[in-house]
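Observations on chain architecture
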Amino acid sequence: MNAAIRAVVRVGIARGFEVLGVQHGYAGLIGGEFRALGPRDVGGIIQLGGTVLGTTRCEEFKTEAGRTRALDHLQAQRIAGLIVIGGNGSQTGAWELRRRGAPVIGIASTIDNDLYGSDVTIGCMTAIDVALEAIDRLKVTASSLDRAFLVEVMGRKSGHLALVAGIAGGCEVIVIPEIETDPETIARQLREAYERGKRHALAIVAEGARYDADALTQFFGEHGERLGFDLRVTRLGHVQRGGAPGAFDRMLGTQLGAAAVAAAADGRFGVIVGLCNGKVEETPLQDVAGRMKPADAGLFELAQMLAM
Ligand code: F6P
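In this convention, every chain numbers its residues from 1, walking through the sequence in written order. Where totals are concerned, whole chains, interfaces and linings use all residues; where local detail is concerned, this predicted model gives features only for residues with pLDDT of at least 70, and gives and counts side-chain atom pairs only at 80 or more. In computing side-chain properties, one takes all heavy atoms of the structure into account and sets aside hydrogens as well as water.

Further remarks concern the site of the ligand. Around the ligand lies a shell formed by Arg 57, Ile 111, Asp 112, Met 154, Gly 155, Arg 156, Glu 207, His 238 and Arg 241. Between Arg 156 and the ligand, the recorded distance is 3.0 Å, taken from a side-chain N or O atom to an oxygen atom. Under the rule applied, a polar contact is a pair of N or O atoms within 3.5 Å (in protein, one hydrogen donor and one hydrogen acceptor; residues adjacent in sequence only if both atoms are side-chain atoms). In this structure, an oxygen atom belonging to the ligand sits 2.8 Å away from a side-chain N or O atom of Arg 241. Calculation on the ligand without its partners gives an accessible area of 400 Å², and the protein chains cover 74% of this total. Partitioned by chemical class, the residues of the shell around the ligand number two nonpolar, two polar and five charged. Neighbouring residues are identified by heavy atoms, a residue being near a molecule or strand if any of them is within 4 Å of it. Note that accessible areas follow from Shrake-Rupley with a 1.4 Å probe, and for residues the cover is restricted to the protein chains shown. Three categories are distinguished: nonpolar for Ala, Val, Leu, Ile, Met, Phe, Trp, Tyr, Cys and Pro, charged for Asp, Glu, Lys and Arg, and polar for the others, with Gly belonging to the last.

Structure follows, in structure tokens:
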């Protein structure tokens, strides 16, 4: 997100805009927390995870009163274009503002990669890299001790992170919300990995799956003896967020930030900028708000073949 903020500020100034940063997301919009940003204010941030502006999960913004206060601040500050960097919740909020006439543009950003309007969203690749580092390390211990491991990754209701990290990390079993499975099947798949001569067996589980780390810990706790092996469980959780962004995310943030300014300069509001088929494209916010992009079922089939 910082790469996007930096690009918005610098490209915005280059194109003749005055740029203000809204601190703490929608809570700051409701509270009028605006801060003038110049080129030097966004120096040295492109390599940082998170957002230097801060953010919040804001319940008040979901109310009519909260949205009205936000709109009042936008008018009082005479904001010509509001750029919202975020995922599903943020972009649904952006559409709610747009519906009420505000000049809003979204930038597709979430580690979950569950947003329509972008094949890949800011933060997702870096989060996958963090998961990969953990998987690679777990594999070393798994192979040394002939042990089964389970790692749970984030993703909210989407299996995208688990799917891509599972394929790139060479996991034997991938459990995602989009595809039904059950603990007996997972145990069988892990056992079969040993039977095929593997020295490790790794399952990656999306936090949104019905059988998540908690459910599987309980199952293996109760049935470990009968199954003949136990499972060590690692939940990555928030460790997956906040890592230093990789080259891809720095470039994506920069390109989408610049594209959002271009849309504002041309008066194209009510859109989200994202990467579609390798190109920066605009998609109507209305088509994005409240919808969830599912993980790629084709990738799941590929993962099963690769796990042999
Ligand atoms: O949407 C990004 C995300 O990291 C999800 O993967 C995760 O479920 C959620 O946010 C965690 O949110 P919080 O930090 O508010 O607990």
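Strand pairing within a sheet occurs via backbone hydrogen bonds; the two strands may be parallel or antiparallel. Whether two strands pair comes down to DSSP finding at least two bridges between them. Secondary structure elements follow DSSP: runs of H or I no shorter than four residues count as helices, runs of E no shorter than two count as strands, and numbering proceeds from the N terminus. Taken in spatial order, the four strands line up as β3-β4-β9-β10 in an open sheet, and their pairing is mixed. This sheet does not close on itself; its edge strands, each paired only once, are β3 (82–86) and β10 (279–284). Each neighbouring strand pair of the sheet contributes to a mean axis angle of 30°, computed without reference to strand direction. Across six bridges, the pairing between strand β9 (residues 271–276) and β10 is antiparallel. The residue of β10 that forms the bridge with Val 273 is Glu 282. To obtain each axis, a line is fitted to C-alpha atoms, and for helices this fit is confined to the stretch in contact; angles are then taken between N-to-C directions over 0 to 180 degrees.

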